[in-house]
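So you can see what is in the structure, the chains are spelled out below.
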Amino acid sequence: MDEKKPLLGSKAVISEGFVVNSPIQRYPGGTPQTQYPRETLVGAYSGGPSQQSDLPDGGPPQGGYPPQGGAGQPQPQSGTAVQQWKGEMHDQEVGDNRDAAAATLCTQPIEKMYEVPGYSNMGFDGSRVPPPSYEAATRQPTQRAEIQGLPQIDEIEARNALLQHVSEHCCYGSGAAQSLRFTDLKHSSAFHYTLETFGEARSTAWAYDPYTNQQIDGPQNGHAPGPWDILVAPPSMFKKQQSHIEVPHSAVIKPCHTCMAMGRVQCQKCFGRGRIQCTSCDGFGHKTVFRNGEHEHESCHWCHGDGSQSCCTCHGFGMVKCTCCQGHCSLKCYIKLTITWTNHLTDHIVERTALPDHLIRNVAGRVVFTETQQRVWAINHFPDAEINNASNRLVSQHTTAFPSEKILMQRHKVRIVPVTQAMYKWKDTDSDYFVYGFEKKVYAPNYPQQCCCGCTVL
Ligand SMILES: [Zn+2]
Ligand SMILES: [Zn+2]
Ligand SMILES: [Zn+2]
């Protein structure tokens, strides 16, 4: 290999020296092999230094830098087998580098090295893939059943509901609830329309795992299918979920770009020195103590006067295991398809009394209409025109609201929630409260006995 040729950052070099085609030559017939001969992978790599590397000239993989055992694998650090860092390092003793973890993260692009047809311009961030278009011409309104009314509560039920409500508030007095006189019960119905659109979004990104001789489903097995050609059914409908899968035939093996296939990288805590400044004496090797009325120099017990101490991150070796490949030197790179299912729910409440509308949302009522289809048709047969209008508006909104998603299913329903406004007289005062929902919940902001002594608030 040409010494000046960049090792990374060029697709040509990678395919020539490394991955994509070699399995085909070795294994005619394309059967995936569980054991890739390791020397093939590393042998192609060990030709020369990288000019795009962050590592300095004269550094790896020349000189004392290549791993022990020639083109073989460097062993993850253990005991004396681990080499000392021999690349560039600071002349002076260095302090504790607190950003060490961040500094060893993988930073170089993979996406420029290898292309899969149908997956161009893809990075690590998971860009969304637009879904195929939907043929709206198949939509037709369906036959729909008539809508039934609701049972109404009587005075006994209205009073019991209020007594229950009072008992749930420890400060409320129950006298008024027991003795109030009903003047009227006004029955009405609230309508709750909900439209759910269950959509699926797909995004793709490069991903990698340490290569540990696992099976590789690469291009030798065929073309990678397009992001929307991979059949994946949602685990359940109308629920938010996410799933990740490896795109078939997209995997390749490549040398780890972070450690240059060394398996280890310079320790960023000590910058490869293996030692850091003693934190006890700040590198002086001695401390000044006040003893017997005088200042005296005393050798630092911590570093024995040395001024430095062994780096606890790399145990003095100056190198640490590469977090990118976990010391395995090679990576399995593949395209990760992320499928996100989202249930978009919007609703509209029609409630024409003084009862706050939002209270209707969380109480039980009767579902008088429900329909589930890939695309629903706005309802037009409900007795209340406001519901029909809301359905029309929301169905139309949902048609274009989620352009990056494929709509898998829609469901809409209308619930009728009973509401009774109970008008009453108590101690010559007229007031009212509301009983709503099948649970007979009470909304009584004007209840007259709301403090501990049972006094009148009104
Ligand atoms: Zn010291
Ligand atoms: Zn270190
Ligand atoms: Zn690595």
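Nothing here was measured: the structure is a model prediction, and the numbers come from that model. (Residues numbered from 1 in each chain as written. Chains lettered and ligands numbered in written order. Predicted model: local features only at pLDDT ≥ 70, side-chain atom pairs only at ≥ 80, totals over all residues. Heavy atoms only, no water.)

With reference to specific residues and values, describe the overall build of the protein.
Counting its regular elements, the protein contains seven helices and 15 strands. Counting every position in the protein, which comprises 458 residues, the buried fraction comes to 44%. For the protein, restricting intrachain contacts to residue pairs at least 6 apart in sequence, the fraction spanning at least 24 positions comes to 80%. Just so you have it, the protein exposes about 23,800 Å², and 50% of that area is on carbon and sulfur atoms. (Helix = DSSP H or I, 4+ residues; strand = E, 2+ residues; numbered from the N terminus. Buried < 20%, exposed > 50% of the residue type's maximum accessible area, 1.4 Å probe, protein only. Contact = heavy atoms within 4.5 Å. Areas by Shrake-Rupley, 256 points an atom, 1.4 Å probe, with all protein chains shown as cover.)

Any details on the coordination of the zinc ion (ligand 1)? Residues and values, ideally.
Coordination sphere of the zinc ion (ligand 1), protein contribution only: Cys278 (SG), Cys281 (SG), Cys300 (SG) and Cys303 (SG), at 2.2 to 2.3 Å. If you look at the zinc ion (ligand 1), its four donor atoms make angles of 102 to 115° with each other, and the shape they trace is tetrahedral. Donor residues for the zinc ion (ligand 1), ordered by position in the chain, follow C-x2-C-x18-C-x2-C. In this pair, Cys281 is assigned in the loop between strand 6 (275-277) and strand 7 (286-291) and Cys303 in the loop between strand 8 (294-299) and strand 9 (308-310), connecting sequence segments 22 residues apart. For the pair shown, Cys281 and Cys303 are each scored as buried. (Donors = N, O, S within 2.8 Å, 3.2 Å for Na, K, Ca; no water. Tetrahedral: all angles 85-135°; square planar, octahedral: opposite > 155°, others 65-115°.)

Can you break down the packing of aromatic side chains residue by residue, with the values?
Overall, the coordinates contain six aromatic pairs when judged by the stated rule. Between Tyr172 and Tyr447, the aromatic rings sit 5.6 Å apart at their centres with planes inclined by 15°, giving stacked as the arrangement. Taken as a pair, Tyr172 in the loop between helix 5 (155-167) and helix 6 (175-179) and Tyr447 in the segment after strand 15 (441-443) lie far apart in primary sequence, 275 residues in all. Per residue, the accessibility class of Tyr172 equals that of Tyr447, and both read buried. In this arrangement the basic side chain of Lys332 is found over the ring face of Tyr334, its NZ or CZ atom lying 4.9 Å from the centre. Between Arg411 and the ring centre of Phe238, over which it is positioned, the NZ or CZ distance is 4.2 Å. (Phe/Tyr/Trp six-rings, centres within 6.5 Å; stacked < 30°, edge-to-face > 60°. Lys NZ or Arg CZ within 6 Å of the ring centre and 35° of its normal.)

Give a description of the coordination of the zinc ion (ligand 3) that names residues and reports values.
Bound to the zinc ion (ligand 3) are the protein donor atoms Cys256 (SG), Cys259 (SG), Cys322 (SG) and Cys325 (SG), situated 2.2 to 2.3 Å from the metal. Classification of the site at the zinc ion (ligand 3) rests on its four donor atoms, whose angles at the metal span 105 to 117°, yielding the label tetrahedral. Read in sequence order, the donor residues for the zinc ion (ligand 3) give the motif C-x2-C-x62-C-x2-C. The class of Cys322 is buried, set by a relative accessible area of 1%.

Before we move on, can you summarise the environment of Ser189 with the specific residues and values?
Of note, Ser189 is situated in strand 2 (residues 181-210). Separated by 230 residues in the primary sequence, Ser189 and Val419 have C-alpha atoms spaced 5.5 Å apart.

Can you explain the nonpolar core? Please cite residues and give values.
Counting 19 residues, the largest nonpolar core has Leu162, Phe182, Tyr433, Val442 and Tyr447 as its most contacted members. It is helix 5 that contributes the most residues to this core, four residues altogether. If sequence neighbours within four positions are ignored, Tyr433 has contacts with Ala158, Arg159, Leu162, Phe182, Thr420, Gln421, Ala422, Tyr424, Val442, Tyr443 and Ala444. Counting 17 residues, the second-largest nonpolar core is a separate cluster that includes Met262, Cys267, Cys311 and Met319. (Core = buried A, V, L, I, M, F, W, Y, C linked by side-chain atoms within 4.5 Å.)

Describe the pattern of salt bridges, naming the residues involved and giving the relevant values.
Overall, the coordinates contain 11 salt bridges when judged by the stated rule. When the shortest N-O distance is used, the salt bridge between Glu157 and Lys440 registers 3.9 Å. Placement of the pair is Glu157 in helix 5 and Lys440 in the loop between strand 14 (429-436) and strand 15, with a sequence separation of 283 residues. Under the relative-accessibility criterion, Lys440 is labelled partly exposed at 33%. Put simply, Arg291 and Glu298 hold a salt bridge, and the shortest N to O gap is 2.5 Å. Taking relative accessible area as the criterion, Arg291 reaches 34% and is therefore assigned partly exposed. (Salt bridge = Lys/Arg side-chain N within 4 Å of Asp/Glu carboxyl O.)

Let's hear about the side chain of Thr194: which residues, and what values?
Position of Thr194 among the secondary structure elements: in strand 2. Not counting chain neighbours up to four residues away, the residues in contact with Thr194 comprise Thr346, Asp347, Arg411, His412 and Lys413.

Residues and numbers for unusual backbone geometry, please.
Across residues other than glycine, the phi torsion is negative in most instances, and most of the peptide bonds are trans. Positive phi values are uncommon outside glycine, yet Ala261 reaches one of about 60°. Tracing the backbone shows Ala261 in the loop between strand 4 (252-255) and strand 5 (264-266). Positioned with a positive phi, Asp282 is a non-glycine residue whose angle comes to about 55°. One can find Asp282 in the loop between strand 6 and strand 7.

Describe the pairing of strand 13 (residues 406-426), with residues and values.
Judged by how many residues are buried, strand 13 sits mostly within the fold: 15 of 21 residues are covered. Inspection of the sheet shows strand 2 paired to strand 13 by 19 bridges, in the antiparallel sense. Along strand 13, the bridge assignment pairs Glu200 with Lys406. One ladder, built from seven bridges, connects strand 12 (residues 366-373) with strand 13; its direction is antiparallel. (Pairing = 2+ DSSP bridges.)

Residue-level account of the confidence of the model for the protein, with values.
Confidence along the protein averages 77 in pLDDT terms, with 70% of residues attaining 70 or more. Every residue in residues 1-83 is under pLDDT 50, and counting partners more than four places away or in other chains gives 142 contacts. In this model residues 101-107 is a low-confidence stretch, pLDDT under 50, and it forms 10 contacts with partners more than four residues away in sequence or in other chains. (pLDDT = per-residue confidence, 0-100.)

Quick one: what's the story with helix 7 (residues 385-401), residue by residue and with numbers?
Taking 1.5 Å as the rise per residue, helix 7 with 17 residues should run 24 Å; its terminal C-alpha atoms sit 24 Å apart, in good agreement. If you check which residues of helix 7 are buried, you get Ile387, Asn388, Ala390, Ser391, Leu394, Val395 and His398. Projected down its long axis, helix 7 carries its buried residues within an arc of 160°, all on one side. More than 90 degrees from the buried face of helix 7, the exposed residues found are Asn389 and Thr400. As for helix 7, its buried residues are in contact with strand 2, strand 11 (330-350) and strand 13. (Expected span 1.5 Å × (residues − 1). Arc of directions from axis to C-beta.)

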